[in-house]
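These are the residues of each chain, in order.
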Amino acid sequence: QQPVQSPQAVILREGEDAVINCSSSKALYSVHWYRQKHGEAPVFLMILLKGGEQKGHDKISASFNEKKQQSSLYLTASQLSYSGTYFCGTEIGGGSNYKLTFGKGTLLTVNP
Amino acid sequence: EAQVTQNPRYLITVTGKKLTVTCSQNMNHEYMSWYRQDPGLGLRQIYYSMNVEVTDKGDVPEGYKVSRKEKRNFPLILESPSPNQTSLYFCASSQTSRRTEQYFGPGTRLTVT
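Residues numbered from 1 in each chain as written. Chains lettered and ligands numbered in written order. Predicted model: local features only at pLDDT ≥ 70, side-chain atom pairs only at ≥ 80, totals over all residues. Heavy atoms only, no water.

Participant: So, the nonpolar core: which residues are in play, and what are the values?
Facilitator: Core analysis: the largest hydrophobic core is formed by 21 residues, its most contacted members being Trp33, Met46, Leu73, Leu75, Tyr82, Tyr86 and Leu108 of chain A. When contributions to this core are tallied by element, the ones reaching two or more residues are strand 2 (9–13), strand 3 (18–23), strand 4 (28–36), strand 5 (43–49), strand 7 (60–65), strand 8 (70–75), strand 9 (84–92) and strand 11 (106–111) of chain A. For Leu108 of chain A, the contacting residues outside a window of four places in its chain are Val10, Leu12, Ala18, Leu75, Tyr82, Ser83, Gly84 and Tyr86 of chain A. By size, the runner-up hydrophobic cluster in this structure holds 19 residues, among which are Ile46, Val60, Val66 and Phe74 of chain B. (Core = buried A, V, L, I, M, F, W, Y, C linked by side-chain atoms within 4.5 Å. Buried < 20%, exposed > 50% of the residue type's maximum accessible area, 1.4 Å probe, protein only. Helix = DSSP H or I, 4+ residues; strand = E, 2+ residues; numbered from the N terminus. Contact = heavy atoms within 4.5 Å.)

Below, the structure is given as structure tokens:
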């Protein structure tokens, strides 16, 4: 089942902050975050595992709330290079077969 | 250089003409996967493979076939392409099945007329 991302799109000025949310109706085993620039392949940002951990990557960090089955991606002091579409990918349960299901994406535009 | 390659990068074909999109990785990854990307729908998984000779359906497998005879290769086969399979296709690989990042290939833009 495809996770739900919000917002669908956001426009920022350089230096502003943004939060992108990813939620699932089912219990999550892990959450992946990827960024895709126009015309390019998605690029990995980070993975969060069940346990509510928070991770950081430069000025981009994320949290995973296991009880709410949701993850949030935090972009602080945004830079022009942050522009792109952000996808969360969720893994449900912990079965023997691995299926990563991506959300529809959030288009982030950072203007000067 | 560690990478996932796909060929062809662009393909225009006609309905019903069988085609194969190749995917190869040089990282000795166990896990490989195919996705299609359509506007407004995000990335949807077609098939995935946990290892050689082990494949399973993703969310949108209808009209596609895959095989994993070698660890490095994971071709996507469209036996009888239809216009609704016009899309951008990505192959991805990762070291193991979970907890590891996926590396994506550059994409194949397929148009079926």
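Participant: Can you tell me about unusual backbone geometry, naming the residues and giving the values?
Facilitator: Of note, the bond from Ser6 of chain A into Pro7 of chain A is cis; its omega dihedral lies within 30 degrees of zero at -5 degrees. Tracing the backbone shows Pro7 of chain A in the loop between strand 1 (4–6) and strand 2. In the Ramachandran plot, Ala77 of chain A falls in the positive-phi region, its phi being about 45 degrees despite a non-glycine side chain. Tracing the backbone through its elements, the reader meets Ala77 of chain A in the loop between strand 8 and strand 9. Although it is not a glycine, Asn28 of chain B sits at a positive phi angle of roughly 60 degrees.

Participant: Got a sec to walk through the pairing of strand 8 of chain A? Specific residues and values, please.
Facilitator: All names here are of chain A. Where strand 3 meets strand 8, six bridges bridge the pair, whose relative direction is antiparallel. When the bridges of strand 8 are listed, Val19 appears paired with Tyr74. Bridge count between strand 7 and strand 8: six bridges; the pairing is antiparallel. Looking at the pairing, Ala62 lines up with Leu73 of strand 8. Between strand 7 and strand 8, which follow one another and run antiparallel, lie four residues, and Gln69 among them has a positive phi close to 55 degrees. (Pairing = 2+ DSSP bridges.)

Participant: Residue-level account of the environment of Gln6 of chain B, with values.
Facilitator: Residue and element names in this part refer to chain B. Positionally, Gln6 belongs in strand 1 (residues 4–7). Residues Gln6 and Gly107, 101 residues apart in the sequence, show an inter-C-alpha distance of 6.6 Å. Gln6 has contacts with Thr22, Trp34, Tyr89, Phe90, Cys91, Gly105, Pro106, Gly107 and Thr108, leaving out every residue within four places of it along the chain. A polar contact is formed between the side chain of Gln6 and the backbone oxygen of Tyr89, at a distance of 3.1 Å. (Polar contact = N/O pair within 3.5 Å; in protein donor to acceptor, adjacent residues only side chain to side chain.)

Participant: Break down the interface of chain A and chain B for me, with residues and values.
Facilitator: In this assembly, 24 residues from chain A lie in contact with 25 residues from chain B. Interface of chain A and chain B: buried area, both sides summed, is about 2,000 Å²; carbon and sulfur atoms make up 53% of it. At the boundary of chain A with chain B, the tally comes to three residue pairs in polar contact (both at pLDDT 80 or more). Every element with two or more residues in the side of chain A that touches chain B is listed here: strand 4, strand 5, strand 9 and strand 10 (101–102) of chain A. Tallying contributions element by element places strand 4 of chain A first for the side of chain A that touches chain B, with four residues. When the residues that make up the side of chain A that touches chain B are grouped by side-chain class, the tally is 11 nonpolar, nine polar and four charged. (Buried area = accessible area lost by both parts, 1.4 Å probe. Nonpolar A, V, L, I, M, F, W, Y, C, P; charged D, E, K, R; others polar.)

Participant: Which residues make up the side chain of Thr106 of chain A, and what are the values?
Facilitator: Position of Thr106 of chain A relative to the elements: it lies in strand 11. In this structure Thr106 of chain A comes out as buried when scored by relative accessible area, which is 0%.

Participant: Give me the pairing of strand 3 (residues 19–25) of chain B: which residues, what numbers.
Facilitator: A regular strand places its side chains so that they alternate between the two faces of the sheet. Residues and elements named next belong to chain B. Among the seven residues that make up strand 3, five are buried, leaving the element largely enclosed by the rest of the structure. As judged from the three bridges shared by strand 3 and strand 8 (residues 76–78), these two strands associate in the antiparallel manner. Within strand 8, the residue paired with Leu19 across the bridge is Leu78.

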